[in-house]
Amino acid sequence: MSDQQAEVVIVGAGPTGLMLAGDLAEAGVETLVLEKRGAGISNLSRAFGVHARTMEMFDARGIAEELLSRGGARLPGIRLFNRVSLHLAELETRFPYLLMAPQYDVERVLLRRATDAGARIRYDCAVTDVEQADGRVALTTGRGRFTAAYAVAADGVGSGVRKAIGMPYPGESVLESIMLADVRLAEPPAESPAIHGVNGAFCFVADFGDGYWRVFAWNSADQRGDDEPVELDELKEAARLAFGTDFGMRDPRWISRFHSDERQVPEYRDGNVFLAGDAAHCHSPAGGQGMNTGIQDAANLSWKLAAVLRGADPALLDTYHAERHPVGKAVLRSSGAMIRLAAERSKLKAAIGGLAAAAALSVKPIERKAMGMISGVGIHYGHGKDEDALVGTRARDTALADGTRLYEALRRGRFVVLDSAEAAPAAAVGAASAAPDGLARVVRPDGYIGWAGPDDPAAIRDYLETRTGER
Ligand SMILES: Cc1cc2nc3c(=O)[nH]c(=O)nc-3n(C[C@H](O)[C@H](O)[C@H](O)COP(=O)(O)OP(=O)(O)OC[C@H]3O[C@@H](n4cnc5c(N)ncnc54)[C@H](O)[C@@H]3O)c2cc1C
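Residues numbered from 1 in each chain as written. Predicted model: local features only at pLDDT ≥ 70, side-chain atom pairs only at ≥ 80, totals over all residues. Heavy atoms only, no water.

### Quick look at the overall build of the protein chain
Next up, step 1: Regarding its fold elements, the protein chain presents 12 helices and 23 strands.
Next up, step 2: Principal axes of the C-alpha set define a box for the protein chain whose edges measure 65 × 55 × 40 Å.
Next up, step 3: Across the 471 residues of the protein chain, 55% fall into the buried class.
Next up, step 4: A separation of at least 24 residues holds for 69% of the contacts in the protein chain among residues at least 6 apart in sequence. (Helix = DSSP H or I, 4+ residues; strand = E, 2+ residues; numbered from the N terminus. Buried < 20%, exposed > 50% of the residue type's maximum accessible area, 1.4 Å probe, protein only. Contact = heavy atoms within 4.5 Å.)

See below:
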């Protein structure tokens with residue numbers, strides 16, 4: 001294949017594009033990433049937290065330990081405005097916390113994995129146009145034309161691919177002039193993260209564990225354009241209003257201002273072009289779900305693209321929109337509710353409404369639902385009316401009879417057939433649970449249950465054939 005061609009071209013080497021590139025390359029798919037940045041120039045540290053479900057996905061790829069070894073703090077819970085508590089330590093997962101890890105660390109690990117697996121990356125290569133004809137996609141860049149069977153727009157919130165294919169991105173701007181910085185604190189708060197909002201301001205501080213703290217702050221009385229530089233004093237003033245102290249903020253390693261939009265494309269697919277990550281949805285940073293949702297989009301799409309390229313039923317690709325669009329919509333809703341709560345709570349005259357919302361959220365089942373959504377472990381894709389209720393739910397990690405774990409078995413990038421009497425077909429890995437419950441299950445490569453029920457080798461073979469093209 002010429003170096004201007006690939007089976008899949010991914011536009012954008014952010015967390016979404018790199019996760020997808022690694023998955024596809026490991027599955028043996030010819031993968032090319034086109035990135036407008038120069039080599040070695042990293043994205044700014046926007047996201048700072050990796051949630052439990054994303055860690056599970058990294059575990060299923062053998063890269064969770066590499067990220068953990070960077071030593072980020074592990075936050076066992078999040079408390080919002082002294083009212084709402086998310087007890088992440090109670091989550092049933094190997095990773096019951098929010099891992100503080102700057103986005104560039106996550107990207108570094110994903111980049112290493114993708115290139116080790118054989119994905120090619122072309123830097124200084126901005127995509128300016130996209131055409132589709134005869135089942136192929138052609139992408140125009142300053143370095144010539146690239147063609148592929150499929151292309152994925154992982155080029156972020158300003159996606160040029162999205163514009164080139166004429167896909168709308170409806171939504172609205174939610175909050176302007178949010179300040180963001182990584183600073184040292186002379187007098188850190190007793191707990192991390194600490195979030196508070198009164199006097200028309202809110203502020204969030206969280207410990208990275210490397211001597212720096214991430215700060216978000218907003219002051220309704222001091223609203224400026226995105227391009228206006230942020231002074232440390234402006235940040236301190238918002239913190240003082242919200243917390244009554246600026247914690248002795250100093251030495252910012254970087255500081256910026258942004259506005260928060262809520263937008264989502266109506267379709268995650270246009271012919272042979274797919275949209276993922278911020279190119280498909282964006283929302284407030286409250287809850288820290290943007291990067292996590294993009295990485296999970298990639299995990300959902302990668303095995304489907306690889307399977308269809310190897311002969312699986314092409315209808316499988318439509319399930320990407322069907323499964324991930326509702327998740328994106330739910331994230332928009334929950335992160336929007338949180339940022340509005342923060343803004344409302346910070347204004348004295350609206351405090352009663354804010355407190356009422358917080359009080360409603362503090363009801364245990366709602367807290368648990370919010371925790372499932374934010375950590376990602378509660379996300380599920382639903383099931384057909386004749387299917388077992390387990391179908392579409394996240395497969396929990398499980399000890400296997402051979403002493404390993406389910407998420408280690410998933411590192412082969414294949415389906416795992418659990419507790420079936422028949423040997424798994426070539427397209428899957430067969431395994432026995434250490435404590436079987438009488439049900440057989442087929443776990444998809446992205447760690448969701450695809451089939452479940454009393455053991456039925458013929459039904460399992462049929463299920464796998466349509467999803468892999470192999471029998
Ligand atoms: C202030 C802030 C704080 C945030 N905090 C969190 C958080 O705590 N947790 C969280 O999960 N998320 C957070 N997010 C969101 C998170 O940063 C994004 O959701 C995430 O970066 C999206 O990843 P992506 O790969 O989809 O897009 P991006 O990271 O934007 O990557 C897109 C890539 O595409 C490249 N590109 C763009 N256009 C082209 C083109 N035409 N041709 C080729 N390449 C192109 C870009 O250079 C870039 O490398 C935050 C965002 C902001 C702004």
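### Comments concerning the site of the ligand
Next up, step 1: Surrounding the ligand, one finds 33 residues, the nearest of these being Glu35, Arg46, Gln103, Asp278 and Met291.
Next up, step 2: In this structure, Lys36 approaches the ligand through a main-chain N or O atom, which is 3.1 Å from a nitrogen atom.
Next up, step 3: Gly290 places a main-chain nitrogen or oxygen 3.1 Å from an oxygen atom of the ligand.
Next up, step 4: If the ligand stood free it would expose 1,000 Å²; the protein chains cover 91% of that surface.
Next up, step 5: Here the ligand is seated within the largest pocket. (Near = heavy atom within 4 Å. Polar contact = N/O pair within 3.5 Å; in protein donor to acceptor, adjacent residues only side chain to side chain. Areas by Shrake-Rupley, 256 points an atom, 1.4 Å probe, with all protein chains shown as cover. 1 Å grid on protein atoms, 1.4 Å probe; cavity = no way out; pocket = protein on both sides within 12 Å on 5 of 7 lines; lining within 4 Å. Sits in = over half its atoms within 2 Å of the grid points.)

### A short note on the pattern of salt bridges
Next up, step 1: For the coordinates displayed, the defined rule picks out 37 salt bridges.
Next up, step 2: Where Glu237 meets Arg240, a salt bridge forms, and the shortest distance between an N and an O atom there is 3.3 Å. One end of the pair, Glu237, and the other, Arg240, are both in helix α6 (residues 232-243), three residues apart, so they sit about a helical turn from each other.
Next up, step 3: Taking the relative accessible area as the measure of exposure, Glu237 reaches 35% and is therefore partly exposed.
Next up, step 4: The class for Arg240 is partly exposed, based on a relative accessible area of 37%.
Next up, step 5: Connected through shared salt-bridge partners, Asp59, Arg94, Asp397, Arg405, Glu408 and Arg411 make up one network. (Salt bridge = Lys/Arg side-chain N within 4 Å of Asp/Glu carboxyl O.)

### A word on the sheet that holds strand β19 (residues 281-282)
Next up, step 1: As summarised here, the arrangement of the six strands in space is β13-β14-β15-β12-β16-β19, forming an open sheet in which the pairing is antiparallel. Each having just a single partner strand, β13 (194-198) and β19 make up the two edges of the open sheet.
Next up, step 2: Both strand β14 (residues 201-207) and strand β15 (residues 213-219) contribute to a ladder of seven bridges, which runs antiparallel. The partner of Phe204 across the bridge, within β15, is Phe216. (Pairing = 2+ DSSP bridges.)

### Things to note about the packing of helix α1 (residues 15-26) against helix α7 (residues 290-309)
Next up, step 1: Between α1 and α7, whose axes approach to 8 Å, the crossing angle comes to 30°. One finds that α1 runs roughly parallel with respect to α7. Here α1 and α7 pass one another in a crossing that is right-handed. For the pair α1 and α7, the contacting residues are Pro15, Thr16, Met19, Leu20, Asp23 and Leu24 in the first and Met291, Gly294, Ile295, Ala298, Ala299, Leu301, Ser302, Leu305 and Ala306 in the second.
Next up, step 2: Its residues placed into classes, the contact of α1 with α7 shows 11 nonpolar, three polar and one charged. (Axes fitted to C-alpha atoms, helices over the stretch in contact; angles between N-to-C directions. Parallel < 35°, antiparallel > 145°, perpendicular 65-115°, else oblique. Left-handed = near helix turned anticlockwise from the far one by under 90°. Nonpolar A, V, L, I, M, F, W, Y, C, P; charged D, E, K, R; others polar.)

### Considerations on the domain arrangement of the protein chain
Interface extent is often summarised as the accessible area lost during association of the parts.
Next up, step 1: Splitting the protein chain by domain gives domain 1 (4-48 + 102-170 + 265-345), domain 2 (172-261) and domain 3 (406-468).
Next up, step 2: The distance between the C-alpha centroids of domain 1 and domain 2 comes to 30 Å.
Next up, step 3: Roughly 1,400 Å² of surface becomes buried between domain 1 and domain 2 when both sides are summed, with 68% attributable to carbon and sulfur atoms.
Next up, step 4: Counting residues per element, the side of domain 1 that touches domain 2 draws most heavily on helix α8 (residues 318-346), which supplies five residues. (Domains from an automatic or database assignment. Buried area = accessible area lost by both parts, 1.4 Å probe.)

### Quick look at the side chain of Ser375
Next up, step 1: Position of Ser375 relative to the elements: it lies in helix α10 (residues 364-375).
Next up, step 2: You can call Ser375 buried: its relative accessible area is 1%.
Next up, step 3: Within the local environment of Ser375, its side chain forms a polar contact with the backbone nitrogen of Val377, the two atoms lying 3.3 Å apart.
Next up, step 4: Beyond its immediate sequence surroundings of up to four residues, Ser375 is in contact with His51, Ala52, Arg53 and Leu91.

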